[in-house]
Protein chains: 2
Amino acid sequence: MKKGVTTLKKLAKILNVSVSTVSRALNDHPDISTETKDSVKKLAQSMNYVPNIFAKGFRKSKSNILGVLVPNITHYFHSTILKGILEEASLRGYRVIISESNNDVLKQTEMLNTLTQFGVDGILASLTKMTKNVDSILPVFNKLPIILFDKVSNKVPCTQIITNDEEAAFNVVEHLINIGKKRIAIIKEREFSYNSEKRYTGYLKALKEHNIEVDEKIIISVDDISQQQGKRMTNLLLSLKNRPDAIFAITDYAAIGVIQTLKKFNIKIPEEIAVVGFSNNLNSTIIEPSLTTVDQPGETLGKTAVKYLIEEIESDTDIVMHKTIEIKGSLIIRESTFKVK
Amino acid sequence: MKKGVTTLKKLAKILNVSVSTVSRALNDHPDISTETKDSVKKLAQSMNYVPNIFAKGFRKSKSNILGVLVPNITHYFHSTILKGILEEASLRGYRVIISESNNDVLKQTEMLNTLTQFGVDGILASLTKMTKNVDSILPVFNKLPIILFDKVSNKVPCTQIITNDEEAAFNVVEHLINIGKKRIAIIKEREFSYNSEKRYTGYLKALKEHNIEVDEKIIISVDDISQQQGKRMTNLLLSLKNRPDAIFAITDYAAIGVIQTLKKFNIKIPEEIAVVGFSNNLNSTIIEPSLTTVDQPGETLGKTAVKYLIEEIESDTDIVMHKTIEIKGSLIIRESTFKVK
DNA sequence: CTGAAAGCGCTTACAG
DNA sequence: CTGAAAGCGCTTACAG
């Protein structure tokens, strides 16, 4: 703060009323007469009065700041979620502090702690991939309203906002079956990845429903999925004597690696092998052939998360029902599964 | 805050000392004996004492929070800058509140105002494209330390952190000349775009230095550069009777539109027409041929901005020298200007 | 309808 | 080396 800031005291002195009256007038307290309110507000306006956020927060122990934790802010899907969070929070009079865990579990705990220390009213978090053990973050959950989004964990008792991974994956696989594919490979992450497991379940369900036998040889699990891994695992799939006729990669990044490798070997996409990703990143329309994928509406997801969080923050009761909200992603069919003649 | 939080008062009572002593012990005041310090710190630790950030901020009118304003958080280059900002700020004990202007001048003013209202210690901002008139944001600059990055304006008196646009563009054009191109088109934004103008200046300088005549017909200016505009302007360039043999698009997004259009007309890249972009987005390696571009080190830029801002915040004097710091971007040569046989 | 007073948790000039 | 006291700017129960 610089010198010369307008305070309640100053306004009170000028108007010859008490500080209490000024405070109440500005907060539209019913006890205050309309005239008084008007004159106070007018003066406050003309003197550019801005409440001291610290005094206010201090007094009410409320900051109107939300804390957000994501693994990596440059990840496109997460940046769209952040966009939604910022917009909705701003509309509701909240600011947003963002921190990154860089997919580091220790950093994640540290960041959650500093966020609470900085007096945020609640936290929105997307966990690191490797968060198998939630013990270190559980204490934070007793102090503040928290909502998990995207990378969630069912070991944490709180409201969670996710994509309908299972259903969307089911639709992906069904689409592949509909275009005549019979030997559908999946490149997924290991068990610790909540989202990947859900998609895998959808995959299995679709195969079952269409009486297609599950073949472990074309179910590939990797630690950390990426474009590189997509390439490597495609090489592996191509080395099988009984090759797949479709590859469902659990992320667009990996799917792009798949396409690049298939092209290197002059394999026709989608005729010989079709490819599907997940997320609808910007890249998925740049790659050729363009990638069939599941569009995840990040902004909606972010907005929804903020709504539920503020609801918890502003609720009077301590008893909160924890819900799991699924935001629907939609299948976007492009050239990697459908030939435009 | 929930019930049962540890305060200085509680610690004082337990240890039978005054609140002042506890406060000083925790802040390592030289007056306090080592024994007292140790016992205080030990108890504070064991009782999970966390200073009330509001009381502290209120008292010292310092929040240790930095405000950041960007046009669009999902823009890849800006998200890498944000990553750098978050990391450096965290290292130095600051948190970061992020807001978006969505390239809306009114929103930008509003956001700057709320940031100051929320008691941030300083602001890092990247302006909207259309900020010709800085009058509405100037008042904020008198209240708080502010630093501009990437989208800056020379009408604002403050430290500015940018890429070496002019020099980098010079290198781009020189590279095109070196591979034998003689008729180099540029797709840029109009005058109001600071970055675009700098790159354009670099373009002109390179042509001049190599005695290549400037031809207005292949200098294309658009309002809002994008992939779409890249496509449209390529169509325009191709309709000329004297076509260019290289196209320098001021952003990767536009350059990708250029490549897509050239491919549609089966024009050989780079033999017939070479293409260069700017930024080194993720897409630039996905497109085929891969795109020659200028890598802008976003993280470094973000970290640098934070360093200068905190320096201003923590400086005792009011007189601050405003500098313009250029972060060097490097030319990355890929297939769109160089044929791999 | 309005005011005086207490207090939120911390820091710090002053006194000893 | 330590303590008592004032005060940062606000809100609110209490009193009138």
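In this text the structure is predicted, and so the values were computed from the model without any measurement.

J.: Which residues make up the UniProt feature "domain: HTH cro/C1-type" (unreviewed entry) in chain A, and what values do they have?
T.: UniProt feature "domain: HTH cro/C1-type" (unreviewed entry): in the numbering of this structure it lies at residues 5-22 of chain A. Spanning residues 5-22 of chain A, this segment combines 67% helix with 0% strand, and its end C-alpha atoms are found 16 Å apart.

J.: Just give me the short version of the sheet that holds strand S7 (residues 219-222) of chain B, but keep the residues and values in it.
T.: Residues and elements named next belong to chain B. With parallel pairing, four strands are arranged side by side in an open sheet as S7-S6-S8-S9. The open sheet is flanked by S7 and strand S9 (274-276), the only strands paired with a single partner. Each strand axis lies, on average, 15° off the axis of its neighbour in the sheet, ignoring direction. Taken together, the three bridges between strand S8 (residues 246-249) and S9 define a ladder with parallel strand orientation. Along S9, the bridge assignment pairs Phe248 with Val276. Sheet contacts for helix H8 (residues 165-178): strand S6 (184-189), S8 and S9; angle to S8, the most-contacted strand, approximately 170°. Packed onto the sheet, helix H11 (residues 252-264) meets S6, S8 and S9 and runs at close to 160° relative to S9.

J.: Explain the pattern of salt bridges to me, using residue names and the numbers behind them.
T.: Evaluation of the coordinates by the stated rule reveals 30 salt bridges over all chains. Its salt-bridge partner being Lys303(B), residue Glu87(B) comes within 3.7 Å of it at the nearest N-O pair. Of the two residues, Glu87(B) is situated in helix H5 (residues 76-91) and Lys303(B) in helix H12 (residues 298-314); the sequence distance between them amounts to 216 residues. What makes Lys303(B) partly exposed here is its relative accessible area of 25%. One continuous salt-bridge network, built from bridges that share partners, spans Asp28(A), Lys37(A) and Lys41(A).

J.: Outline the protein's contact with DNA strand D, listing residues and values.
T.: Of all residues adjacent to DNA strand D, which total 26 residues, the nearest are Ser23(A), Tyr49(A), Arg59(A), Thr21(B) and Arg24(B). Restricting the count to atoms of DNA strand D within 4 Å of the protein gives a sugar and phosphate share of 53%. Between DNA strand D and Thr21(B), the relevant distance is 2.5 Å, taken from a phosphate oxygen to a side-chain nitrogen or oxygen of the residue. Between DNA strand D and the protein, one listed contact pairs a phosphate oxygen with a backbone N or O atom of Ser33(B) at 3.4 Å. Every element with two or more residues in the surface near DNA strand D is listed here: helix H2 (19-26) and helix H4 (53-60) of chain A together with helix H2 (19-26) and helix H4 (53-60) of chain B. Here the surface near DNA strand D takes five residues from H4(A), the largest share from any one element. Tallied by class, the residues present in the surface near DNA strand D amount to nine nonpolar, ten polar and seven charged.

J.: Tell me about the UniProt feature "domain: HTH lacI-type" (unreviewed entry) in chain A, and name the residues and values.
T.: With numbering aligned to this structure, UniProt lists the feature "domain: HTH lacI-type" (unreviewed entry) at residues 6-60 of chain A. A distance of 20 Å separates the end C-alpha atoms of residues 6-60 of chain A, which is 67% helix and 0% strand.

J.: Account for helix H3 (residues 34-46) of chain B, naming residues and giving values.
T.: Residues and elements named next belong to chain B. Relative to the 18 Å expected for 13 residues at 1.5 Å per residue, H3 spans 18 Å between its end C-alpha atoms, a close match to the ideal helical length. When we look at burial in H3, the residues that qualify are Lys37, Val40, Leu43 and Ala44. The buried side chains of H3 occupy one side of the element, clustering within an arc of 140° when seen end-on. When the buried face of H3 is taken as reference, the exposed residues oriented beyond 90 degrees from it are Thr34, Glu35, Lys42, Gln45 and Ser46. Phi turns positive one or two residues past the end of H3, at Asn48, with a value near 55°.

Cut-offs and rules
- Residues numbered from 1 in each chain as written.
- Chains lettered and ligands numbered in written order.
- Predicted model: local features only at pLDDT ≥ 70, side-chain atom pairs only at ≥ 80, totals over all residues.
- Heavy atoms only, no water.
- UniProt positions renumbered as here; feature names shortened; annotations may be inferred.
- Helix = DSSP H or I, 4+ residues; strand = E, 2+ residues; numbered from the N terminus.
- Pairing = 2+ DSSP bridges.
- Axes fitted to C-alpha atoms, helices over the stretch in contact; angles between N-to-C directions.
- Contact = heavy atoms within 4.5 Å.
- Salt bridge = Lys/Arg side-chain N within 4 Å of Asp/Glu carboxyl O.
- Buried < 20%, exposed > 50% of the residue type's maximum accessible area, 1.4 Å probe, protein only.
- Near = heavy atom within 4 Å.
- Polar contact = N/O pair within 3.5 Å; in protein donor to acceptor, adjacent residues only side chain to side chain.
- Nonpolar A, V, L, I, M, F, W, Y, C, P; charged D, E, K, R; others polar.
- Expected span 1.5 Å × (residues − 1).
- Arc of directions from axis to C-beta.

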